[in-house]
Amino acid sequence: MLDLNYVRENLEQVRTALATRGAVPESLDDFAAADAERRRIIAESDQLNAERNSASREIGALMKDGKREEAETRRKEVNELKERIAALDSAREQAETRMHELLSTLPNVPHASVPVGADEAANVEVRRWGAKPEFDFEPKDHVDLGSALGILDLDRAAKIAASRFAILNGDGARLERALINFMLDVHSREHGYRETLPPFIVNKSALFGTGQLPKFEEDLFKLTDERELYLVPTAEVPVTNYHREEILDATQLPMRWVAYTPCFRSEAGSYGRDTRGLIRQHQFEKVELVKYSLPENSYDELESLTRDAETILQKLGLHYRTVALATGDIGFGSAKTYDIEVWLPSQNTFREISSCSNYEAFQARRAQIRFRRAGGAKPEFVHTLNGSGLAVGRTWIAVLENYQQADGSIAIPEALRPYMGGLEKISRQ
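Cut-offs applied
- Residues numbered from 1 in each chain as written.
- Predicted model: local features only at pLDDT ≥ 70, side-chain atom pairs only at ≥ 80, totals over all residues.
- Heavy atoms only, no water.
- Helix = DSSP H or I, 4+ residues; strand = E, 2+ residues; numbered from the N terminus.
- Buried < 20%, exposed > 50% of the residue type's maximum accessible area, 1.4 Å probe, protein only.
- Areas by Shrake-Rupley, 256 points an atom, 1.4 Å probe, with all protein chains shown as cover.
- Lys, Arg positive; Asp, Glu negative; His and termini not counted.
- Charge placed at Lys NZ, Arg CZ, Asp CG, Glu CD.
- Pairing = 2+ DSSP bridges.
- Axes fitted to C-alpha atoms, helices over the stretch in contact; angles between N-to-C directions.
- Contact = heavy atoms within 4.5 Å.
- Polar contact = N/O pair within 3.5 Å; in protein donor to acceptor, adjacent residues only side chain to side chain.
- Phe/Tyr/Trp six-rings, centres within 6.5 Å; stacked < 30°, edge-to-face > 60°.
- Lys NZ or Arg CZ within 6 Å of the ring centre and 35° of its normal.
- Left-handed = near helix turned anticlockwise from the far one by under 90°.
- Nonpolar A, V, L, I, M, F, W, Y, C, P; charged D, E, K, R; others polar.
- Salt bridge = Lys/Arg side-chain N within 4 Å of Asp/Glu carboxyl O.

On to the overall build of the protein. Across its full length, the protein carries 12 helices and 17 strands. Seen along its three principal axes, the alpha-carbon backbone of the protein occupies a region of about 110 × 45 × 35 Å. Out of the 429 residues in the protein, the part that is buried amounts to 49%. Only carbon and sulfur atoms are counted for the fraction: they give 46% of the accessible area of the protein, which is about 20,300 Å². The distance from the centre of the 56 positive side-chain charges to the centre of the 68 negative ones in the protein is 3 Å.

Turning to the sheet that holds strand E12 (residues 349–358), a few remarks are in order. One open sheet holds the eight strands; their spatial order is E1-E10-E11-E12-E15-E9-E8-E4, and the pairing between them is mixed. Strands at the two margins of the open sheet, each flanked by one partner only, are strand E1 (124–129) and strand E4 (194–196). Each strand of the sheet is rotated relative to its neighbour by a mean of 25°, with strand direction disregarded. Of the pairings in the sheet, the one linking strand E11 (residues 336–344) to E12 comprises nine bridges and is antiparallel in character. Across the sheet, residue Thr-337 finds its bridge partner in E12, namely Ser-357. Docked against the sheet, helix H7 (residues 171–190) engages E4, strand E8 (255–264), strand E9 (283–293) and strand E15 (383–391), running at close to 5° with respect to E9. Strands E1, E8, E9, strand E10 (320–324), E11, E12 and E15 of the sheet are contacted by helix H10 (residues 298–316), whose axis makes an angle of about 5° with E15.

With respect to the secondary-structure elements, Gln-404 resides in the loop between helix H12 (392–402) and strand E16 (410–411). Gln-404 sits in the buried class, given a relative accessible area of 4%. In terms of polar contacts, Gln-404 uses its side chain to reach the backbone amide nitrogen of Lys-140, at 2.9 Å. Looking at Gln-404, its side chain comes within polar contact range of the main-chain oxygen of Glu-401, at 2.9 Å. Not counting chain neighbours up to four residues away, the residues in contact with Gln-404 comprise Phe-135, Phe-137, Pro-139, Lys-140, Leu-145, Val-399, Ser-409 and Ile-410.

Take Glu-217: it is sitting in the loop between helix H8 (204–210) and strand E6 (229–231). Classification of Glu-217 by relative accessible area gives partly exposed; the value is 34%. Sequence separation between Glu-217 and Leu-207 is 10 residues, and the spatial gap between their C-alpha atoms is 9.1 Å. Residues within four places of Glu-217 in sequence aside, it is in contact with Gln-212, Lys-222 and Tyr-230. In this structure the side chain of Glu-217 is engaged in a polar contact, spanning 2.7 Å, whose partner is the side chain of Tyr-230.

In this section: the packing of aromatic side chains. Using the criterion set out here, one finds seven aromatic pairs in the structure. Taking 5.9 Å as the distance between ring centres and 75° as the angle between the ring planes, the aromatic pair formed by Phe-182 and Tyr-419 counts as edge-to-face. On the criterion of sequence distance, the pair formed by Phe-182 in helix H7 and Tyr-419 in the loop between E16 and strand E17 (425–426) is long-range, its members being 237 residues apart. When its relative accessible area of 3% is taken as the criterion, Phe-182 is described as buried. What makes Tyr-419 partly exposed here is its relative accessible area of 25%. Seen from their ring centres, Tyr-242 and Trp-257 are 5.0 Å apart, and the 40° between their planes marks the pair as tilted. In this pair, Tyr-242 is assigned in the loop between helix H9 (236–240) and strand E7 (246–249) and Trp-257 in strand E8, connecting sequence segments 15 residues apart. In this structure Trp-257 comes out as buried when scored by relative accessible area, which is 5%. Site record: aromatic cluster; members linked through ring pairs are Phe-216, Phe-332 and Phe-362. We note Arg-366 situated over the ring of Phe-208; from NZ or CZ to the ring centre the distance is 4.1 Å.

Attention shifts here to the packing of H7 against H12. Put simply, H7 and H12 touch, their axes get as near as 10 Å, and they point 115° apart. Crossing handedness for the pair H7 and H12: right-handed. Contact with H7, carried on its side by Gly-172, Leu-175, Glu-176, Leu-179, Ile-180 and Met-183, involves Val-392, Gly-393, Thr-395, Trp-396, Val-399 and Leu-400 of H12 and no other residues of that element. Taken together, the residues of the contact of H7 with H12 break down into eight nonpolar, three polar and one charged.

Counted under the stated rule, the structure contains 31 salt bridges. Among the ionic pairs, Arg-373 bridges to Glu-380, the shortest N-O distance being 2.6 Å. Given a relative accessible area of 27%, Glu-380 falls into the partly exposed group. Among the charged side chains, a salt-bridge network with shared partners connects Glu-125, Arg-128, Arg-321 and Glu-341.

As far as function goes, none of this settles anything; it's purely spatial.
Have a look at this one:
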């Protein structure tokens, strides 16, 4: 959530910034109207309070002079003033509630370094690593490879659940587990993240804190009981909310977490996109990186978080590129995002495998996550960051497609072999 005072004092600047995201400005107009009404109410309330105070002093003087009848008349007038003031206080609260509701619907203001553009066509590549694999045969996609090897079953998954679910069998399931453990080990042992295993179900407050609610409720899987709980769309939600409504000490920052969770997304509005295979599933697994940072260090932390995620692809020997997303392509709460895109031979293109974002104080303000500097300073909002380190299913796809052999087997990257019991390739099972 944006800072109320910042929006109030920089309305046109915010309007211009959000326009680069393609955001509709009507909410800002409603915000300005609610703010003007609030100011009017406060001015009228202040005037009535001044009149009430003056009348109260006058009543005291009348009582002292024995003018009880006049004092009683003035007392009735004061009571009427109190009723009017109470009504104004209620109206002010309604205006302030409306302002906060409007703020909750506004996306974050992009950082000055974000490329300006309406959509992904304006994204800017900042680097790439490795080289495309070369094949002396026509490479297959992960669906054909996995199905032929007996490690991927989409048809029975649809029978058990619905479309956009998958079953991994044998060495396919083992490969998924190996990737999870490999990622967790690299980030916790080499990059200094603390591993955590959060709940896979969260409440509305947690989802509001990270920005999924109220705007993106249709993308969530909601439980049907009265507690209004949801399946996690990403570990970002429970881990970012770990210190919700707390004040940390500045010496605790930066705080770095790594978490594995399954993720559940209804993908509302995405039907017809990436319907083949594992690219866009309702259930998938992810290793997530989450940081709390001092505001002045958060963009350095974004760079290091992105590099940490890239390291996984480098260790796996997978060709990728990193792009800075344009203003029209960044997520709702993000101030700046890098997408890491891995090469998929079957599509002859790069596909997103991680988004690494700095939310600045946007999420922390919604979740009330603050810190205090030394000397009893006033609490400030932390900056929160997160990124996939990596999306496990898409890494599974990339390993199959980039390491496929002419006979249909899959060579196991050396970094994963210890996690696969020394297995060097996956063959027909």
